[in-house]
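# A structural walkthrough
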Amino acid sequence: MLQRGVMTGIPIMLGYIPIALTFGVLAKQAGMSLVELTAMSLFVFAGAAQFMGANMLAVGTGAVEIIIATFVLNFRHFVMSLSFMNQLRRIALKSKLPLSLGLTDETFAVSALHSDEAKKEHGAFFYGGIILVAYLSWVFGSLLGGILGDIIPQSLSQSMGIALYAMFIGLLVPSVKKNLRIGLIAIFAMLINAICVQLGLSTGWAIVIGTVLGGISGIYLLGEKEK
């Protein structure tokens, strides 16, 4: 079961390694040491949050602001965890706990496509294989990116900074295609962020306020459509 899970998770690995490489390079250029950026991938294991955290560190944002911003950004994991735990309801609690630590957008999506595995004997090993290959590829990619950060030319590493924006745009566009109101929410959040910066707030707090108010606006904009 573990081997089948690893094989199922290979597509995630192929997608994670180039993104993790980019994170490692950008984190190194942001002033993080090789140990720090690798430890961040080991203990955080959340691509969008790590990119944002590295970017906020680069502009001198405080720890409290980074923690709040990443908490808000990753709040969706609470919803995913509830759905994932419901899928694993036949699996023992001692197996659910470590599996929940490896939950990401990608591992959740792939696991949801193989929900029947939870009904089989040793099904936990199948999901463990998916998470293991995703986790190790992310950590290894981050480490390799940190090493390359000291080797590749400064001009090339700086140009890789666009990966942060490309990743968020890539996450946003499919949702906007399904519902234009999501685009309005994103624009509103960006405007709030810009206004906060103009008012003299730090970049970190501007991101936090823009994210929270943008999310609140989504409750009304998306709620109206459902009515």
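The notes below deal with the structure included here.

This part is about the overall build of the protein chain. Helix and strand counts for the protein chain stand at 12 helices and zero strands. For 227 residues, the compact-globule estimate of 2.2 N^0.38 gives 17 Å, and the protein chain sits close to it at 19 Å. Dimensions of the protein chain, computed from the C-alpha atoms along their principal axes, are close to 60 × 55 × 30 Å. Here the protein chain holds 227 residues, and the buried ones make up 38% of them. Here the contacts in the protein chain between residues at least 6 apart in sequence split such that 75% fall between residues at least 24 apart. Counting 14 positive and 10 negative side-chain charges, the protein chain places the averaged centre of each group 9 Å from the other.

What follows covers the packing of aromatic side chains. Under the definition given, this model contains 10 aromatic pairs. Here Tyr 16 and Phe 45 contribute two aromatic rings whose centre-to-centre distance is 6.4 Å and whose plane-to-plane angle is 85°, an arrangement assigned as edge-to-face. Taken together, the residues Tyr 16 in helix 1 (residues 2-29) and Phe 45 in the loop between helix 2 (34-43) and helix 3 (47-58) connect sequence positions 29 residues apart. Here Tyr 16 and Phe 45 have matching classes, each one buried. Consider the rings of Tyr 16 and Trp 138, whose centres lie 5.5 Å apart with planes at 70°: the pair is edge-to-face. Remark: Trp 138 occurs in helix 8 (residues 123-148) and Tyr 16 occurs in helix 1; sequence separation between them is 122 residues. Overall, the relative accessible area of 7% leaves Tyr 16 in the buried class. Assessed through its relative accessible area of 2%, Trp 138 is described here as buried. Taken together, the ring pairs connect Tyr 16, Phe 23, Phe 45, Phe 51, Tyr 135 and Trp 138 into an aromatic cluster.

A word on the nonpolar core. Counting 28 residues, the largest nonpolar core has Phe 23, Phe 84, Leu 88, Leu 99 and Tyr 127 as the members making the most contacts within it. Broken down by secondary-structure element, the contributors of at least two residues to this core are helix 1, helix 2, helix 3, helix 5 (76-87), helix 7 (105-113) and helix 8. For this core, the element with the most residues is helix 8, which contributes seven residues. Leaving out residues up to four positions away in the same chain, Leu 99 has contacts with Phe 84, Leu 88, Ala 124, Tyr 127, Gly 128 and Ile 131. In this structure, Met 56, Ile 66, Ala 69 and Val 208 belong to the second largest nonpolar core, which totals six residues.

What follows covers the pattern of salt bridges. Applying the stated criterion to the full structure yields one salt bridge. Notably, a salt bridge pairs Glu 117 with Arg 4, separated by 2.9 Å at the nearest N-O pair. Of this pair, Glu 117 sits in the loop between helix 7 and helix 8 while Arg 4 sits in helix 1; the two residues are 113 residues apart in sequence, bridging distant segments of the chain. By relative accessible area, which is 5% here, Glu 117 ends up buried.

Before going further, it helps to spend a moment on the packing of helix 5 against helix 7. Direction vectors running N to C along helix 5 and helix 7 enclose 25°, while the axes themselves pass 11 Å from each other. Here helix 7 runs roughly parallel to helix 5, going by the angle between their axes. Pair helix 5 / helix 7 crosses with left-handed handedness. For the pair formed by helix 5 and helix 7, the contact residues are Arg 76, Met 80, Ser 83, Phe 84 and Gln 87 on the first element and Asp 105, Phe 108, Ser 111 and Ala 112 on the second. Residue composition of the contact of helix 5 with helix 7, grouped by class: four nonpolar, three polar and two charged.

Next up on the list: the packing of helix 1 against helix 3. Direction vectors running N to C along helix 1 and helix 3 enclose 15°, while the axes themselves pass 10 Å from each other. When the axis of helix 1 is compared with that of helix 3, the two are roughly parallel. Relative to helix 3, the crossing made by helix 1 is left-handed. Of the residues in helix 3, those in contact with Ile 19, Thr 22, Phe 23, Leu 26 and Ala 27 of helix 1 are Gln 50, Phe 51 and Ala 54. Grouping the amino acids of the contact of helix 1 with helix 3 by side-chain chemistry returns six nonpolar, two polar and no charged.

Our next topic: the side chain of Thr 70. Topologically, Thr 70 is positioned in helix 4 (residues 63-73). Sequence-distant contacts of Thr 70, defined by excluding residues within four places in its chain, comprise Ala 49 and Met 52.

Cut-offs applied
Residues numbered from 1 in each chain as written. Predicted model: local features only at pLDDT ≥ 70, side-chain atom pairs only at ≥ 80, totals over all residues. Heavy atoms only, no water. Helix = DSSP H or I, 4+ residues; strand = E, 2+ residues; numbered from the N terminus. Rg over C-alpha atoms; globule rule 2.2 N^0.38 Å. Buried < 20%, exposed > 50% of the residue type's maximum accessible area, 1.4 Å probe, protein only. Contact = heavy atoms within 4.5 Å. Lys, Arg positive; Asp, Glu negative; His and termini not counted. Charge placed at Lys NZ, Arg CZ, Asp CG, Glu CD. Phe/Tyr/Trp six-rings, centres within 6.5 Å; stacked < 30°, edge-to-face > 60°. Core = buried A, V, L, I, M, F, W, Y, C linked by side-chain atoms within 4.5 Å. Salt bridge = Lys/Arg side-chain N within 4 Å of Asp/Glu carboxyl O. Axes fitted to C-alpha atoms, helices over the stretch in contact; angles between N-to-C directions. Parallel < 35°, antiparallel > 145°, perpendicular 65-115°, else oblique. Left-handed = near helix turned anticlockwise from the far one by under 90°. Nonpolar A, V, L, I, M, F, W, Y, C, P; charged D, E, K, R; others polar.

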